[in-house]
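Residue-level listing of the chains:
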Amino acid sequence: MIRFDNVEFKAVKTDEGFIKDTPIIGRTGLLKYVQPDGTIRTEYRPPEEAFAEDSLSSIEAKPITIGHHGLVTSNNAKQIKPVGTVLSKAKQDGDNIRAEVVIYNLDCNDRDLSCGYSLDLDETPGVTPSGERYEAVQRNIRYNHLAIVSKGRAGNAR
């Protein structure tokens, strides 16, 4: 399964004009996805999955793109034209996930961030510790890229 999640970023420019920051790139909790038939599917990303060392380490050195283009590989990176790089593995910040990034050239007006990642989707429905229902659980999250998009999904993760 592949997912793309979104968050807004705010950053500063370096003396060279690069954008450097440690934005929130994801979070724990419920994430809503629009299905092909227009219905909304709610998936749960529990803290033990979001903050697993293998997951947090997987974002380091990944490309930053304008929009999503599927999974980014060495075979398609030249066509996708990454505009930056994730410099560090991610870290927990409360219920959020942060990583250090640098963007070399932001030639668009978009300002939200969206992670592209693969995962194992556990189709077991349930209820979060706070009583909210979900249809599936995101497990074994492995990041592939970070995209700059116009509209984010992550709610308070900004």
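Just so you know, these numbers come straight off a predicted model, no measurement behind them.

**Student:** Any chance you could explain the overall build of the protein here in plain terms?
**Tutor:** A tally of helices and strands in the protein yields three helices and 15 strands. Classification of the 158 residues of the protein by burial places 46% in the buried group. Intrachain contacts of the protein at a sequence separation of at least 6 include 68% that bridge at least 24 residues. Total accessible area computed for the protein in this model is approximately 8300 Å², and 47% of it derives from carbon and sulfur atoms.

**Student:** How should I be thinking about the sheet that holds strand 4 (residues 24-27) in this particular structure?
**Tutor:** Within a beta sheet, neighbouring strands are joined by backbone hydrogen bonds and run either parallel or antiparallel to one another. Within the open sheet, the three strands sit side by side as 4-10-9. Their pairing is antiparallel. Every other strand in the sheet has two partners, leaving strand 4 and strand 9 (91-93) as the edge strands with one partner each. For this sheet, the mean angle separating the axes of adjacent strands, direction not counted, is 40°. Bridge count for strand 4 against strand 10 (residues 96-98) is three bridges, and the pairing is antiparallel. Within strand 10, the residue paired with G26 across the bridge is I97.

**Student:** What's the story with the nonpolar core in this structure? I'm lost.
**Tutor:** Across soluble globular proteins, you tend to see nonpolar side chains buried next to one another. Membership of the largest hydrophobic core comes to 28 residues, with the highest contact counts inside it found for I25, I64, I97, Y117, L146 and I148. For this core, the elements supplying multiple residues, two or more each, are strand 5 (29-34), strand 11 (101-103), strand 12 (112-122) and strand 15 (136-149).

**Student:** Would you mind showing me how to read the pattern of salt bridges here?
**Tutor:** A side chain of one charge can pair with a side chain of the opposite charge when the charged atoms of the two come close. What the rule picks out here adds up to eight salt bridges. Across the salt bridge formed by R139 and D122, the nearest N and O atoms sit 3.0 Å from each other. Within this pair, whereas R139 is found in strand 15, its partner D122 is found in strand 12, the two being separated by 17 residues in sequence. Using a relative accessible area of 23% as the deciding quantity, one classes D122 as partly exposed.

**Student:** Can you walk me through the packing of aromatic side chains in this structure?
**Tutor:** Here a ring pair, both rings aromatic, is described through the centre-centre distance and the interplanar angle of the planes. This model, assessed by the stated rule, comprises three aromatic pairs. Taking the centre distance of 5.3 Å and the plane angle of 80° together, the rings of F18 and Y104 count as edge-to-face. Within this pair, whereas F18 is found in the loop between strand 2 (12-13) and strand 3 (19-21), its partner Y104 is found in the loop between strand 11 and strand 12, the two being separated by 86 residues in sequence. What makes F18 partly exposed here is its relative accessible area of 31%.

**Student:** Explain the side chain of S55 here, please?
**Tutor:** Take S55: it is sitting in helix 2 (residues 53-57). We classify S55 as buried; its relative accessible area is 1%. Within the structure, S55 has its side chain in polar contact with the backbone oxygen of I141 (distance 3.1 Å). Excluding anything up to four places from it in sequence, S55 contacts E49, A50, I141, R142 and Y143.

**Student:** Just checking my understanding: could you explain the pairing of strand 5 for this structure?
**Tutor:** Regular strands show a simple pattern: their side chains alternate between the two faces of the sheet. Relative to strand 6 (residues 40-45), strand 5 runs antiparallel, the two being bridged by six bridges. Across the sheet, residue L31 finds its bridge partner in strand 6, namely E43. The hairpin turn running from strand 5 into strand 6, its antiparallel successor, is five residues long, and G38 in that turn takes a positive phi close to 95°.

**Student:** How should I be thinking about unusual backbone geometry in this particular structure?
**Tutor:** The phi torsion of most residues other than glycine is negative, and most of the peptide bonds are trans. One non-glycine residue with positive phi stands out, namely A61, at about 70°. Inspection of the secondary structure puts A61 in the loop between helix 2 and strand 7 (63-66). Positive phi, normally seen in glycine, also occurs at N140, with a value near 50°. The topology assignment puts N140 in strand 15.

The rules behind the values
- Residues numbered from 1 in each chain as written.
- Predicted model: local features only at pLDDT ≥ 70, side-chain atom pairs only at ≥ 80, totals over all residues.
- Heavy atoms only, no water.
- Helix = DSSP H or I, 4+ residues; strand = E, 2+ residues; numbered from the N terminus.
- Buried < 20%, exposed > 50% of the residue type's maximum accessible area, 1.4 Å probe, protein only.
- Contact = heavy atoms within 4.5 Å.
- Areas by Shrake-Rupley, 256 points an atom, 1.4 Å probe, with all protein chains shown as cover.
- Pairing = 2+ DSSP bridges.
- Axes fitted to C-alpha atoms, helices over the stretch in contact; angles between N-to-C directions.
- Core = buried A, V, L, I, M, F, W, Y, C linked by side-chain atoms within 4.5 Å.
- Salt bridge = Lys/Arg side-chain N within 4 Å of Asp/Glu carboxyl O.
- Phe/Tyr/Trp six-rings, centres within 6.5 Å; stacked < 30°, edge-to-face > 60°.
- Polar contact = N/O pair within 3.5 Å; in protein donor to acceptor, adjacent residues only side chain to side chain.

No statement about biological role is implied by the geometric values presented.
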